Amino acid sequence: MPRTPRALAALALTAGLAMTAPTARAQVEAGPWTSYSPSFTVQERGCGDVADLTFRLTCATASGDQRAERRYATYTGGTRQFEGSFRVTSLGGTRVSLKQTFHESAAGPFFMLAVERGGRLYAVHGGATVATGATVGATVRVNTVHVVGGEHRTYVNGSLRHTYASPGGSFYDKFGAYRTNSGQGPATVVWSGVRFWRR
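Residues numbered from 1 in each chain as written. Predicted model: local features only at pLDDT ≥ 70, side-chain atom pairs only at ≥ 80, totals over all residues. Heavy atoms only, no water.

Trainee: Got a minute to help me understand the pairing of strand 14 (residues 159-165) in this structure?
Mentor: Consecutive side chains along a regular strand alternate between the two faces of the sheet. Note that strand 13 (residues 151-156) and strand 14 share six bridges and pair antiparallel. Paired with R153 across the two strands is T163, which belongs to strand 14. (Pairing = 2+ DSSP bridges. Helix = DSSP H or I, 4+ residues; strand = E, 2+ residues; numbered from the N terminus.)

Trainee: Any chance you could explain unusual backbone geometry here in plain terms?
Mentor: The phi torsion of most residues other than glycine is negative, and most of the peptide bonds are trans. Along the chain, G31 connects to P32 via a cis peptide bond; the corresponding omega equals 5 degrees. Inspection of the secondary structure assignment puts P32 in the loop between helix 1 (5-20) and strand 1 (34-36). Cis geometry is found at the peptide bond from G185 to P186, where omega equals 5 degrees. Here P186 shows up in the loop between strand 15 (170-184) and strand 16 (187-198). In the Ramachandran plot, E29 falls in the positive-phi region, its phi being about 65 degrees despite a non-glycine side chain. The residue R95 is not glycine, and still its phi comes out positive at about 55 degrees. As for its position among the elements, R95 is in strand 8 (residues 94-103).

Structure (structure tokens):
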């Protein structure tokens, strides 16, 4: 039976809505995932400066606490996924941490993803290369999937690049620009597309 113009218009509208409906599906690993929005505080220390999602280390100081970060709310148990994209817009220094999973129970960083001048991404603890190509101007997507008491997995641009055994306890996510013990600024990092899920 032929469709009337009104029926065809309704069908087109329904199809358009279906194509544009947002989903809570995470970028990596099978779900089901539930999106959530944890609270955060801004941390500026030393020559660190934060302006929304732009994080700067404005000095070349190779000592002391130089940081510009967002620190998100603590979580315990379950599986959490972080996603965000960063773009290093300038890097006069080197070995600057971009993303941390912090082990609050142990009062110290658990996993730190840092960048060297030249674009190498590496795990600060152990020094393993996670990826290359994080050069000035390149946009890089990072996902971390953390099974508390199991494993911490890091994906770069959708590919699994690093795994790390995880203890239990309480943790939180941080990102921005942070001078590692062997690093220094200046550096400017712009983050975007930051999202969180749990399951």
